[in-house]
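What follows is each chain in one-letter form.
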Amino acid sequence: MVWLTWRQHRAQALVTAGLLLALGVFLLVHALGTSGAGPEALRDRYESVQVYLSWLPAVPLLVGAFWGAPVLARELERGTHRLAWTQSVPRRRWLGAKLLCLGLAVTVAGLALGMIVAGWQSAFDGVADRFGDAAMFGATGVAAGAWWLFAFMLGTAAGGVLRRTLPALAVTTAVFLLALFAVLDARPAYAEPERRVVEDKSAPSAGLRTGSMWLSPSGVEVETVPECADASGEAWLSCPLEAGYRMVEYFHPADRYWRFQWTETGILALATVLLAGPVVYRVARKPI
Amino acid sequence: MTALTATGLGKRYRRNWVLEGCSLSVPPGRVVALVGPNGAGKTTLLHLVVGLLEPDAGSVAVLGGAPGEADTLRRIAFLAQDKPLYEGFSVADMLRFGARMNPRWDGELARRRLAELGIPLARKVGRLSGGQQAQVALSVALAKRPDLLVLDEPLANLDPLARHDVMRGLMTAVAESGMTVVLSSHVVSDLEDTCDWLVLLNRGRIQVAGDIEDLLAEHRLLTGPADLADGLAARVDVVDDSRTDRQATLLVRTRGERQPLDPRWTTRGVDLEELVLAYLRRPDAASLPRPALARA
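Residues numbered from 1 in each chain as written. Chains lettered and ligands numbered in written order. Predicted model: local features only at pLDDT ≥ 70, side-chain atom pairs only at ≥ 80, totals over all residues. Heavy atoms only, no water.

Here's the deal with unusual backbone geometry
No. 1: For B:Arg14, which is not glycine, the phi dihedral falls at a positive 55 degrees.
No. 2: On the secondary structure map, B:Arg14 appears in the loop between strand S1 (4-13) and strand S2 (16-26). (Helix = DSSP H or I, 4+ residues; strand = E, 2+ residues; numbered from the N terminus.)

So this is what it looks like as structure tokens:
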């Protein structure tokens with residue numbers, strides 16, 4: 001079964017490995033070029049690439065489309081499942097071996113991508129943000145692997161239910177984007193944010209900022225400062241402070257990064273297991 | 001032990017029964033022709049036999065075991081309709097696929113067959129002709145060394161020469177191994193010389209099942225004056241009855257016993273195609289072995 005899985009999916013495996021290698025080499029060279037750069041130059045250099053890497057959360061979509069969707073849809077579309085499932089390997093084992101081999105491969109690839117990006121970020125000390133930057137959070141750490149595995153299983157399930165590769169691609173895309181935006185939306189709620197009153201406006205906020213309020217001199221938090229309702233432009237920025245208000249910030253401190261990583265991984269892992277349901281049903285109970 | 005036993009087998013899609021009340025017993029070593037018009041349920045029956053589908057009623061036993069189980073899967077081979085193969089694989093890859101997926105795999109047999117047919121191992125499957133693809137698919141099935149080989153319309157979409165070659169290759173393999181074969185077709189003439197057991201499926205029900213030689217011996221075609229036909233029809237089992245003003249042609253089942261006939265009747269034997277057509281025209285008629293006749 002391992003040979004068959006490799007033979008049927010080696011194109012995806014080789015292309016993925018090749019792209020990861022190319023990205024790794026590029027980011028390595030890019031990171032090595034930072035030596036001796038000042039803070040301003042460092043930021044420019046980081047942002048010049050970060051702009052493109054912020055698309056990384058959408059990459060698992062390709063995994064779902066090219067790794068996941070064909071696993072069942074291609075067999076069902078071409079009738080080759082009737083060949084595969086009448087060999088001596090019972091189809092539960094066929095499915096188990098495929099999901100295990102391919103799931104392991106995409107998870108390892110996703111984790112590798114996460115390590116590549118994290119390694120690149122470590123060269124931009126004080127500039128790179130792996131937590132507050134939503135794109136970088138999903139593209140690093142264990143969540144990177146979880147996203148890849150989730151997308152793979154989503155594609156596999158869509159292919160199994162729809163039995164056609166093309167509609168499976170469409171459904172995978174739609175569901176993945178929905179899931180992505182839902183998770184981005186839910187991420188700040190993984191824990192109760194901490195509150196702090198910003199005494200010194202120049203202090204940079206570390207971690208994941210979730211919101212801010214104005215604290216009135218009498219100790220009441222308001223969203224908008226009534227005294228500054230008519231202020232505009234420059235005055236709008238300085239008005240609240242002059243009126244005696246202070247800013248209150250809600251945020252997740254940077255040391256919650258791994259806790260959030262594991263929370264997101266848990267959510268995605270649960271979704272992956274739920275998606276395995278229709279896959280097993282299609283193969284084991286209702287093949288046509 | 002029978003090669004194949006079905007008891008009250010039924011399969012439905014939504015509320016539609018495509019197969020209903022099928023009971024059947026095939027002794028080992030037979031070459032079974034599964035015949036029936038398009039949409040009769042042949043493919044569904046074969047898919048139930050090889051374990052691709054689960055029955056909604058009744059049961060089926062294959063070589064004494066349940067279809068789809070590891071022990072049964074090892075001992076059967078299935079050539080599905082359209083002879084699916086992995087198009088991106090080379091012929092050698094297909095053989096490797098067979099070797100990796102089957103413990104009883106006989107790679108030597110497959111390579112020898114393909115060499116005799118002049119099919120290059122390095123060629124991509126997708127670039128072979130239809131006849132060559134059928135031969136590769138058949139080689140993969142045969143090299144599994146099955147005790148039961150199931151073929152769904154193995155001759156469909158093949159030109160006459162390829163039909164002949166596939167059939168000859170199949171019969172050679174049967175003669176060498178003594179395996180049981182079940183093959184379906186909607187063209188009876190393809191099967192006449194090669195099969196020795198008939199299963200006629202019509203509208204989801206088994207209409208005729210039995211040894212072809214026995215079936216042919218039991219049925220006679222009588223031709224005589226139309227005014228005598230009603231009297232005769234009361235005494236024998238008439239399968240098919242076609243009359244003109246003056247003449248009647250009856251295909252009757254004699255059940256072995258000798259019936260004294262008016263000398264004005266002429267009688268002759270039937271061939272397989274006549275027999276099948278007569279039953280297909282009369283879906284109510286059935287010729288099934290009585291329970292006592294289900295023998296090995």
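Describing the sheet that holds strand S9 (residues 205-211) of chain B
Residue and element names in this part refer to chain B.
No. 1: In spatial order, the strands read S5-S6-S7-S3-S8-S9; together these six strands make up an open sheet with mixed pairing. With one partner strand each, in any of the chains shown, strand S5 (76-79) and S9 form the two edges of the open sheet. Sheet twist, expressed as the average angle between the axes of neighbouring strands with direction ignored, equals 15 degrees.
No. 2: Packing against the sheet, helix H1 (residues 42-50) makes contact with strand S3 (31-35), S5, strand S6 (148-151), strand S7 (180-185) and strand S8 (197-202), and its axis sits at approximately 150 degrees to S6.
No. 3: Lying on the sheet, helix H9 (residues 272-281) is in contact with S3, S8 and S9; it crosses S8 at an angle near 25 degrees. (Pairing = 2+ DSSP bridges. Axes fitted to C-alpha atoms, helices over the stretch in contact; angles between N-to-C directions. Contact = heavy atoms within 4.5 Å.)

Observations concerning a nonpolar patch on the surface
All names here are of chain A.
No. 1: Nonpolar side chains collect at one region of the surface, where Val161, Leu162, Val171 and Val175 lie side by side and expose about 270 Å² of accessible area between them.
No. 2: Elements with a minimum of two residues in the nonpolar patch: helix H7 (141-162) and helix H8 (165-186).
No. 3: Considering the arrangement of structural elements, one finds Val175 in helix H8. (Patch = residues over 30% accessible without salt bridge, like charges linked within 9 Å, V, L, I, M, F, W, Y side chains within 5 Å. Areas by Shrake-Rupley, 256 points an atom, 1.4 Å probe, with all protein chains shown as cover. Salt bridge = Lys/Arg side-chain N within 4 Å of Asp/Glu carboxyl O.)

As for the domain arrangement of chain B
In many reports, interface size means the accessible area that the parts give up when they come together.
Residues and elements named next belong to chain B.
No. 1: With domains assigned, chain B is organised as domain 1 (4-203) and domain 2 (214-293).
No. 2: One C-alpha centre belongs to domain 1, the other to domain 2, and the line joining them spans 34 Å.
No. 3: Summed over both sides, the interface of domain 1 with domain 2 buries roughly 830 Å², with 77% coming from carbon and sulfur.
No. 4: Linking domain 1 to domain 2 there are zero salt bridges.
No. 5: At the boundary of domain 1 with domain 2, the tally comes to one residue pair in polar contact (both at pLDDT 80 or more).
No. 6: By residue number, the principal contributor to the side of domain 1 that touches domain 2 is S8, which donates three residues.
No. 7: Its residues assigned to classes, the side of domain 1 that touches domain 2 shows five nonpolar, two polar and two charged. (Domains from an automatic or database assignment. Buried area = accessible area lost by both parts, 1.4 Å probe. Polar contact = N/O pair within 3.5 Å; in protein donor to acceptor, adjacent residues only side chain to side chain. Nonpolar A, V, L, I, M, F, W, Y, C, P; charged D, E, K, R; others polar.)

Some details on the nonpolar core
No. 1: Within the largest apolar cluster, 151 residues are counted, with the highest numbers of intra-cluster contacts made by A:Trp94, A:Trp120, B:Met94, B:Phe97, B:Leu149, B:Leu183 and B:Leu198.
No. 2: Non-local contacts of A:Trp120, meaning those with residues more than four positions away in its chain, are made with A:Leu27, A:His30, A:Ala31, A:Tyr46, A:Val49, A:Gln50 and A:Leu53.
No. 3: B:Leu222, B:Ala229, B:Val236 and B:Trp265 belong to the second-largest nonpolar core, a separate cluster that totals eight residues. (Core = buried A, V, L, I, M, F, W, Y, C linked by side-chain atoms within 4.5 Å. Buried < 20%, exposed > 50% of the residue type's maximum accessible area, 1.4 Å probe, protein only.)

Comments concerning the domain arrangement of chain A
No. 1: By the assigned domains, chain A splits into domain 1 (2-190 + 256-285) and domain 2 (208-252).
No. 2: Its C-alpha centre places domain 1 of chain A at a distance of 41 Å from the equivalent point of domain 2 of chain A.

With respect to the pairing of S6(B)
All names here are of chain B.
No. 1: Here S6 shows a buried face lined by Leu148 and Val150 and a second buried face lined by Leu149 and Leu151.
No. 2: In terms of strand pairing, S5 meets S6 through four bridges, oriented parallel. By the bridge assignment, Ile76 is partnered in S6 with Leu148.
No. 3: In terms of strand pairing, S6 meets S7 through four bridges, oriented parallel. Within the sheet, the bridge partner assigned to Val150 lies in S7 and is Val182.
No. 4: One crossover worth recording links S6 to the parallel S7 by way of helix H6 (residues 160-177), and it is right-handed. (Right-handed = clockwise from strand over helix to strand, strands pointing away.)

A look at the packing of aromatic side chains
Aromatic rings in a pair are described by how distant their centres are and how their planes are angled relative to each other.
No. 1: Overall, the coordinates contain 15 aromatic pairs over all chains when judged by the stated rule.
No. 2: Measuring from ring centre to ring centre gives 6.3 Å for A:Trp3 and B:Phe89, while their planes differ by 75 degrees; the resulting arrangement is edge-to-face. With A:Trp3 in helix H1 (residues 2-32) and B:Phe89 in the loop between S5 and helix H3 (91-101), the pair connects residues from two separate chains. Grouping residues by exposure puts A:Trp3 and B:Phe89 together as buried.
No. 3: Within the aromatic cluster, the residues linked to one another by ring pairs are A:Phe131, A:Phe137, A:Tyr190, A:Tyr257, A:Trp258 and A:Phe260.
No. 4: Above the ring of A:Tyr257, the side-chain terminus of A:Arg130 is found at 3.7 Å from the ring centroid.
No. 5: Against the face of A:Phe251 rests A:Arg196, its NZ or CZ located 5.1 Å from the ring centre. (Phe/Tyr/Trp six-rings, centres within 6.5 Å; stacked < 30°, edge-to-face > 60°. Lys NZ or Arg CZ within 6 Å of the ring centre and 35° of its normal.)

Description of the confidence of the model for chain B
Residues and elements named next belong to chain B.
No. 1: For chain B, per-residue confidence averages 88 on the pLDDT scale, and residues scoring 70 or more make up 96% of the total.
No. 2: Looking over chain B, one finds the lowest element-wise mean pLDDT in helix H8 (residues 226-233), namely 82, and the highest in S6, namely 96.
No. 3: Residue range residues 291-296 is modelled with pLDDT below 50. Its contacts to residues more than four positions away, or to other chains, number five contacts. (pLDDT = per-residue confidence, 0-100.)

Quick look at the packing of H1(A) against H3(B)
No. 1: Here H1(A) crosses H3(B) at 150 degrees, and the two axes come no closer than 9 Å. What the angle tells us is that H1(A) and H3(B) run roughly antiparallel. Between H1(A) and H3(B), the contacting residues are A:Trp3, A:Leu4 and A:Arg7 on the first element and B:Asp93, B:Arg96, B:Phe97, B:Arg100 and B:Met101 on the second.
No. 2: In the contact of H1(A) with H3(B), the residues fall into four nonpolar, no polar and four charged. (Parallel < 35°, antiparallel > 145°, perpendicular 65-115°, else oblique.)

Observations concerning the UniProt feature "transmembrane region" (unreviewed entry) in chain A
Residues and elements named next belong to chain A.
No. 1: UniProt annotation of "transmembrane region" (unreviewed entry) refers to residues 52-73, 94-122, 134-154, 166-184 and 266-284 when read in the numbering used here.
No. 2: Secondary structure content for residues 94-122 is 97% helix and 0% strand, and the end C-alpha separation is 42 Å.
No. 3: What you have in residues 266-284 is 100% helix and 0% strand, and the ends, taken at the C-alpha atoms, are 27 Å apart. (UniProt positions renumbered as here; feature names shortened; annotations may be inferred.)

Quick word on the interface of chain A and chain B
No. 1: Opposite the 23 residues of chain A that make contact, chain B presents 28 residues.
No. 2: When the two sides are added together, the surface that chain A and chain B hide from each other amounts to roughly 2400 Å², 62% of it contributed by carbon and sulfur.
No. 3: When residues of chain A are sorted by the area they lose upon contact with chain B, A:Trp3, A:Thr86 and A:Ser88 head the list and together hold 29% of the total.
No. 4: Across the salt bridge formed by B:Glu87 and A:Arg78, the nearest N and O atoms sit 3.7 Å from each other.
No. 5: Here chain A is connected to chain B by eight residue pairs in polar contact (both at pLDDT 80 or more).
No. 6: Only H1, helix H3 (59-78), helix H4 (81-84) and helix H5 (91-121) of chain A provide two or more residues apiece to the side of chain A that touches chain B.
No. 7: Class assignment for the residues of the side of chain A that touches chain B results in ten nonpolar, seven polar and six charged.

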